[in-house]
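In case you want the letters, here they are:
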Amino acid sequence: MTLKHLMIHSRTAVTLCFLLTVACIQARIIKGKIIDRVSGEEIIGASVIVKGTANKGTATGLDGSFQLNQQHFPCTLVCSYLGYKTIEVEVNDNDNNLRINLETDDVALGEVVVVAENKGSSEIGARQLERNAMNVVNVMSAKAIELSPDLTVANVIQRMSGVTMERNSSGEGQYAILRGMDKRYNYTLVNGMKIPSPDSKNRFVPLDIFPSELLDRLEVTKSLTADMEGDGIGGAVNMVMKDAPTQRLLSVNLQTGYNTHFMDFDFQSFDHSSIAKNSPNEIFGNAYPTDETDFSMGNLRIKSKKPLPDLAAGFTYGDRFFNDRWGMMAALSYRNTNKGKTSDMYESIADNDGIQRITNRYFSENQSRLGAHIKTDYLLDNYNKLALYAGYMQFENAQVRDAYAETEQTIRLRWQRQNIANASLMGEHHLLNNHSLGVKWAANIAEAQQKTPDNTQLQLNHNTAMTSVWVNKNVGAIRRWERNADKDMAAHLDLDYMLPIRRASLNIAAGGMYRNKKRDSHYHEYTFQPYNDMADNLTASYDQFRGTDWNNYDEILFRLKSYSLTDPMNYDATEKISAAYGKITLTAGKWQVVAGMRAEHTNQGYHLMYATEGNSNDGNQQYTDWLPDAHIKWNIHKNANLRLSYYEAINRPSFFEIVPYHIINEDYNECGNPDLKHTVAHNFDLRYEYFPQQSEQFMVCLFYKDIHDPIEYGMTPIGQETFYMPGNYGNASNWGIEVDVMKYFNRLGIKANYTYTHSRITTSKLRELTAEDGSIYTDHADQSRPLFGQAAHVFNCSLLYKDTKHGWDAQLACSYTGKRIAVIDRFYENDRWNAPMWQMDASMEKKFKNGWSIFAKAQNLLNTSLIRYYHANDRNANLQNVRKYDGGVVEREEKNGISLNVGVRWRVF
């Protein structure tokens, strides 16, 4: 290269460097934040465009902030967001850290102004509810639910602090355990109204029946006030359904998915449509001489193949009419999924020779969920409003459980339907000249049902080569018909009067409620044995070989051996609750104080259709509780509160627990307890909460529960016998700490919570001892342990990403649940524990123009095993050749596979 060329290249490089330097000097980053002018809330996803440019712009991040590179000043920013007025802001060279206020685009109707309330449907609204509440509440918004990887309310709620889940047979969350308190210690509401349970014995509600996409928000209340029902020692779960929007909304989604379990296993199914919904004796009466010809065999034929993909669809429509005075929201959700699970059961042989027998169980379950609701409100005028809600939730599952041991095979064919329907009419009025008297009233009717017709279990024997299989000669099949219904009628009335006083305000409230509950339960069981239709003795059992005598289970010849129509599960129950309360709220400067007293009268009874010997068919319990509460909130510094709460709460016995039933099992007897007392607890909370920004939070909460007469199951001597039965076991304590963190950094965000819980209760157990002559005998011993279902350590963390400009949302969520008691055994130190478990889930969504978006959700990405085990104890100390975990012995290991879902959504306003 010549000197001339070098000089030319040098001049070019210098020129380019000069131009870049000038550009860098002139260019500057404009930073700012867009907020709601009235509430001060950050607006996520607002558009910020430089006026006069076609594509130069951005969108606000999760904290409402934005930044733009701009070279020429002054310039004009055009800021807009749906539901707000578009504004233009002039920016000079020296302007920095802009704070831009947007005003809502309200529609005036004379004196009535209808605006979007966003009571928890947005993340900012959810934080406002937590911040403004007088008691300890956690709220999850509809937006957070939509973007989460979860499909049911049961899976959503496990992301909230202090919540663990009890899972169903398919491995999904089903019942919420709040702060280590079992599901029996909390209650469930829909729009603030308690709903009945489809469970055949208890009052707790399965949350997996509710599709998450129907919710406007999910509230978990951890300290009760006097206007709330008092049977929530653990707390209350309130599902607020989607409300009427301020403008027309239409949303449709379609999804499909698959479970990776079925990449390795076939899906087993049976024809549940051929099931007789009522037993022969329900149809023809108890005196009818039932025989095997009265039973369908078509539902015993099993098919095995790869399942079709899952399918789900949702529809939402909402609008306001008649000058925005009448609003309505209708939503429909349907989901059909196939679940699978492998479950290896480890059982030690009775002679303690160190051998474990393994039973391999394979689950195939088709689940169908249907949810529909309509919510409407009408504004009579500025100060009077009527609202009507009607909802229906249905959950069906058809399950095949195929279990293989060394010489046995057990097949269970179960179809079950659960449904909950409720309707509420509510009114809200402001009376007197200054409208200082508020009146709220509500009437609610609800019914929950569960039907499990022809729940069949086949018991087979086989040799190790699986070449010949015959039905067990004693019991070849058991077929059960089970159904129950729970009907509620309730009325509520709430009054409050605002009394202004100097430099403060005083709100005086009073009200009451009445509920009438009726429940019925029916149970019929039929036992069959195989027979030879060609033999002379038709009552004799007969070996029937697979491949020779039969190929599928509907081809096995069965003779009806016996049946039971008088089981204790045939009973009726009633419950009448009447309550009244008074409450005052004093607000003065940075202080708010609430004090209240609630009185609840309980009249709980039962009627046994077939009483056991020595017991009456009827019985009831009546008692009245006075439940005080007090809550103090101090605005300790800017955007921060310090709360101190106390409340007294109760837990009533379950419906079946007070029924004087007796069940003789193979190795122990079980009975009810008509003298069972209800539980009373004193609950304390101290919480510090800080909201750095409108959508951010940092919370630390200490809680303590002093529990009197907790209800647990244990071995109780009655006369010369010992029964496994519910009882009141002295006192128990439960305390812990919760930490919540929510922080956003423009496009990135983090949500995390951690809960430590410690509880202690002492119950009576049986203990096996060795006599001097070497014989084994049993005696009673007291055992102290944590409460059922309580995990010492629970951790949740979600990493969020949001790019509004390009339409991306993503979330990676993980959860950890420490070890906890899963089964309370009647023997000393022989309870079964679930091992600690990690779970990871993910979701993403990409939005396009014209309201279209695609999304994907993945659950159980780690395919984590559920391990259940016994702690090391005297009963397993001599076992050597067994599978161990943490020094104890494994009882089972289960895997469910990874669930993947993809879908498309169309939403227009």
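Residues numbered from 1 in each chain as written. Predicted model: local features only at pLDDT ≥ 70, side-chain atom pairs only at ≥ 80, totals over all residues. Heavy atoms only, no water.

## What about the overall build of the protein chain?
Now for step 1: Within the protein chain one finds 5 helices and 52 strands.
Now for step 2: Taken over the C-alpha atoms alone, the protein chain extends approximately 110 × 90 × 60 Å along its principal axes.
Now for step 3: Burial statistics for the protein chain: of 909 residues in total, 54% are counted as buried.
Now for step 4: Total accessible area on the protein chain is roughly 39800 Å²; 55% of this is exposed by carbon and sulfur atoms.
Now for step 5: Distance from the positive charge centre (97 side chains) to the negative charge centre (106 side chains) of the protein chain: 9 Å. (Helix = DSSP H or I, 4+ residues; strand = E, 2+ residues; numbered from the N terminus. Buried < 20%, exposed > 50% of the residue type's maximum accessible area, 1.4 Å probe, protein only. Areas by Shrake-Rupley, 256 points an atom, 1.4 Å probe, with all protein chains shown as cover. Lys, Arg positive; Asp, Glu negative; His and termini not counted. Charge placed at Lys NZ, Arg CZ, Asp CG, Glu CD.)

## Points about the sheet that holds strand 7 (residues 98-102)
Now for step 1: If you walk across this open sheet you meet the 3 strands as 4-1-7, and the pairing is mixed. Of all strands in the sheet, those bounded by a partner on one side alone are strand 4 (65-70) and strand 7. Pairwise comparison of adjacent strand axes, ignoring direction, gives a mean angle of 30° for this sheet.
Now for step 2: Bridge analysis of strand 1 (residues 28-36) against strand 4 gives 6 bridges, and the strand direction is antiparallel. Counted as the bridge partner of G32 is F66 from strand 4. (Pairing = 2+ DSSP bridges. Axes fitted to C-alpha atoms, helices over the stretch in contact; angles between N-to-C directions.)

## Overview of unusual backbone geometry
A negative phi holds for most residues other than glycine; trans holds for most peptide bonds.
Now for step 1: Residues F73 and P74 are joined by a peptide bond in cis, for which omega reads -5°.
Now for step 2: Following the sequence through the fold, P74 ends up in the loop between strand 4 and strand 5 (75-80).
Now for step 3: Of note, R503 is a non-glycine position whose phi angle comes to about 55°, a positive value.
Now for step 4: Topologically, R503 is positioned in the loop between strand 27 (477-501) and strand 28 (504-530).
Now for step 5: For R503, a relative accessible area of 75% corresponds to the exposed category.

## Concerning the sheet that holds strand 35 (residues 669-671)
Now for step 1: Across the sheet, 4 strands lie side by side as 34-35-39-38; this open sheet has mixed pairing. Taken across any chain shown, the strands that pair with only one partner, and hence form the sheet edges, are strand 34 (662-664) and strand 38 (711-718). Each adjacent strand pair in this sheet contributes to an overall mean axis angle of 30°, direction not counted.
Now for step 2: For strand 34 and strand 35, the ladder comprises 3 bridges, and the chain directions are antiparallel. Bridge pairing links I663 to E670 in strand 35.

## With respect to the pattern of salt bridges
Now for step 1: Summed over the entire model, instances satisfying the criterion amount to 57 salt bridges.
Now for step 2: Linking K583 and D227 is a salt bridge whose minimum nitrogen-to-oxygen distance equals 3.5 Å. Taken together, the residues K583 in strand 30 (residues 571-588) and D227 in the loop between strand 15 (215-221) and strand 16 (235-241) connect sequence positions 356 residues apart.
Now for step 3: Take D227: its relative accessible area is 34%, and that puts it in the partly exposed class.
Now for step 4: A single salt-bridge network, built from bridges that share partners, covers K194, E229, D231, D486, D488, R515, K517, R519, R598, E600 and R652. (Salt bridge = Lys/Arg side-chain N within 4 Å of Asp/Glu carboxyl O.)

## Some remarks on the environment of A504
Now for step 1: With respect to the helices and strands, A504 occurs in strand 28.
Now for step 2: Taking the C-alpha atoms as reference, A504 lies 37 Å from Y81; in sequence the two are 423 residues apart.
Now for step 3: Here A504 is in contact with L586, T587 and A588, once residues within four sequence places are set aside. (Contact = heavy atoms within 4.5 Å.)

## Focus: the confidence of the model for the protein chain
Regions with low pLDDT carry predicted coordinates that are not meant to be interpreted in detail.
Now for step 1: Confidence in the prediction for the protein chain averages 87 pLDDT; 91% of positions are at 70 or higher.
Now for step 2: Below a pLDDT of 50 lies the segment residues 18-25, which in the model reaches 1 contact outside its immediate sequence neighbourhood of four places, other chains included.
Now for step 3: Confidence drops under pLDDT 50 across residues 107-118; counting only partners more than four residues distant or on other chains, this segment forms 20 contacts. (pLDDT = per-residue confidence, 0-100.)

## Regarding the side chain of S853
Now for step 1: In this fold, S853 is placed in strand 48 (residues 852-859).
Now for step 2: Relative accessible area serves as the criterion here: at 5%, S853 is assigned to the buried category.
Now for step 3: A polar atom in the side chain of S853 sits 3.0 Å from the side chain of E845.
Now for step 4: Those residues in contact with S853 that lie beyond four places of it in its chain are E845, K846, K847, F848, G903, V904 and R905. (Polar contact = N/O pair within 3.5 Å; in protein donor to acceptor, adjacent residues only side chain to side chain.)

## A word on the packing of aromatic side chains
Now for step 1: Enumeration over the complete set of coordinates arrives at 26 aromatic pairs.
Now for step 2: Between Y571 and F656 the ring centres are 5.3 Å apart and the planes differ by 40°, which places this aromatic pair in the tilted class. With Y571 in strand 30 and F656 in the loop between strand 33 (640-651) and strand 34, this residue pair connects regions lying 85 residues apart in the sequence. The residues Y571 and F656 share a single accessibility class, namely buried.
Now for step 3: Measuring from ring centre to ring centre gives 5.0 Å for Y816 and W838, while their planes differ by 45°; the resulting arrangement is tilted. Residue Y816 is found in strand 44 (residues 808-817), and its partner W838 is found in strand 47 (residues 837-847); the two are separated by 22 residues along the sequence.
Now for step 4: Each residue in the set F295, W481, Y526, F528, F558 and Y563 is aromatic and connected to the rest through ring pairs, giving one cluster.
Now for step 5: Here the guanidinium or amino end of R479 rests over the ring plane of F528, the centre of that ring lying 5.8 Å away. (Phe/Tyr/Trp six-rings, centres within 6.5 Å; stacked < 30°, edge-to-face > 60°. Lys NZ or Arg CZ within 6 Å of the ring centre and 35° of its normal.)

## Details of the nonpolar core
Now for step 1: Counting 35 residues, the largest nonpolar core has I157, F210, L218, M239 and M241 as its most contacted members.
Now for step 2: If we skip the residues at most four places from it in the chain, F210 touches T152, V153, V190, I195, V205, M239, M241, M393 and I420.
Now for step 3: Residues L300, Y526, L560 and L565 belong to the second largest nonpolar core, which totals 22 residues. (Core = buried A, V, L, I, M, F, W, Y, C linked by side-chain atoms within 4.5 Å.)

## What to know about helix 2 (residues 123-132)
Now for step 1: Most of helix 2 is tucked away, with 8 of its 10 residues classed as buried.
Now for step 2: Considered for burial, the residues of helix 2 that qualify are E123, I124, G125, A126, R127, Q128, E130 and R131.

## Examining the side chain of T316
Now for step 1: Structurally, the position occupied by T316 is in strand 20 (residues 310-321).
Now for step 2: For T316, the side chain forms a polar contact with the side chain of K242, separated by 3.5 Å.
Now for step 3: Dropping the residues within four chain positions of it, T316 is found in contact with K242, L249, L250, S251, M329, A330 and A331.

## Notes on the pairing of strand 30
Two faces make up the sheet, and in a regular strand the side chains alternate between them.
Now for step 1: Here strand 28 pairs with strand 30 via 17 bridges, running antiparallel. In the strand pairing of strand 30, S521 is matched with Y571.
Now for step 2: When strand 30 meets strand 31 (residues 591-608), the two strands line up antiparallel, connected through 18 bridges. Across the sheet, residue K576 finds its bridge partner in strand 31, namely N603.

## Describing the pairing of strand 1
Now for step 1: Burial of strand 1 is extensive: 7 of the 9 residues sit out of reach of the surface.
Now for step 2: Bridge count between strand 1 and strand 7: 5 bridges; the pairing is parallel. Within strand 7, the position partnered with I35 by the bridge is N101.

## Concerning the environment of M837
Now for step 1: With respect to the helices, strands and loops of the structure, M837 is situated in strand 47.
Now for step 2: Between the alpha carbons of M837 and D886 there is a distance of 14 Å; along the sequence they are 49 residues apart.

## Considering the environment of N796
Now for step 1: One can find N796 in strand 43 (residues 793-803).
Now for step 2: The class for N796 is buried, based on a relative accessible area of 5%.
Now for step 3: Those residues in contact with N796 that sit more than four places away from it in its chain are Q158, R159, M160, K751, A752, N753, C814 and S815.
Now for step 4: Among the polar contacts listed, one links the side chain of N796 to the backbone oxygen of Q158, at a separation of 3.2 Å.

## Some points on the state of the cysteines
Now for step 1: On inspection of all chains with the given rule, the structure shows 0 disulfides.
Now for step 2: The structure places no disulfide on C814, whose sulfur is separated from the nearest cysteine sulfur, that of C797, by 5.0 Å.
Now for step 3: For C814, a relative accessible area of 17% gives the class buried. (Disulfide = S-S within 2.5 Å.)

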